[in-house]
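Report on the structure
One-letter residues, chain by chain:
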Amino acid sequence: MLKPLPHRGFGILELVVVVAIIGLLAVAALPGFQRMVANAKVRGVTDSLQNGLRLAQAEATRRQRVTVFYRSTSPSCSLTTKSSSSGNHWLVRSLPGPSGGSAEILQCGSSAETTGNPVDVSGPAAICFGVEGRQEAVPKTETGMVDDACTVAAEQALNVSSGGSDRPLRVRVTSAGSVRLCDPNKTYTSSSPDGCP
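Description of the structure in this document. (Residues numbered from 1 in each chain as written. Predicted model: local features only at pLDDT ≥ 70, side-chain atom pairs only at ≥ 80, totals over all residues. Heavy atoms only, no water.)

Time to look at the pattern of salt bridges. Evaluation of the coordinates by the stated rule reveals 9 salt bridges. Of the charged contacts in the structure, one is a salt bridge between R62 and E59, with a shortest N-O distance of 3.0 Å. Remark: E59 and R62 occur in helix α1 (residues 12-63); sequence separation between them is 3 residues, near one turn of the helix. The partner of R172 in a salt bridge is E155, and the shortest N-O contact between them spans 2.6 Å. Of this pair, R172 sits in strand β7 (residues 169-174) while E155 sits in strand β6 (residues 155-162), and the two are 17 residues apart along the sequence. One connected set of salt bridges, linked through shared partners, spans E59, R62, R63 and E104. (Salt bridge = Lys/Arg side-chain N within 4 Å of Asp/Glu carboxyl O. Helix = DSSP H or I, 4+ residues; strand = E, 2+ residues; numbered from the N terminus.)

Structure representation (structure tokens):
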């Protein structure tokens, strides 16, 4: 007949070794985890900007009025909020139509990520969309409280990056009105459709 083995617990030395191994694995994984969090912040901010630009474009065609997407340093969502190329907040504003009407704030959003590694956004302070959904040139005097004129360029881009991220992203707006997200670290090819041209 077999004798049952005596029950034994872990010794203190075995527990110390296991805790040390878990600690080393956690320290090794920390930089990768921090980079993953920073990449997620960049992606979230980029998605917010892309959605704001697409809303401005859609509202321009729906309302048949020029609509401005602009960045601001103020979190205020009012007609008196001024534009700024260093802003971490954004607004979509319709301008008065040719037959009158008043300016109106359609939506506000934030691209502010200030905890940990802050997310930086660079690019134009304002992009205007005309009634056909294309970029529209609008003088500073006609954009209301938007302190910047809207110009038309073959491409206008909002670049989004973070110090802890290894994946900067870009939102491109072409003169024809295409709003597209791309990775500036990649070149657009048929095998890499998420790259920038």
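Back to the write-up after that little detour.
Looking at where R93 falls in the secondary structure, it is placed in strand β2 (residues 89-94). One polar contact links the side chain of R93 to the main-chain carbonyl oxygen of L79, over a distance of 2.9 Å. (Polar contact = N/O pair within 3.5 Å; in protein donor to acceptor, adjacent residues only side chain to side chain.)

Before going further, it helps to examine the sheet that holds strand β4 (residues 119-122). The 5 strands lie next to each other as β4-β6-β7-β8-β9, forming an open sheet whose pairing is mixed. This sheet does not close on itself; its edge strands, each paired only once, are β4 and β9 (195-196). As paired strands, β6 and β7 are joined by 6 bridges and run antiparallel to one another. Across the sheet, A157 pairs through a bridge with R172, a residue of β7. (Pairing = 2+ DSSP bridges.)

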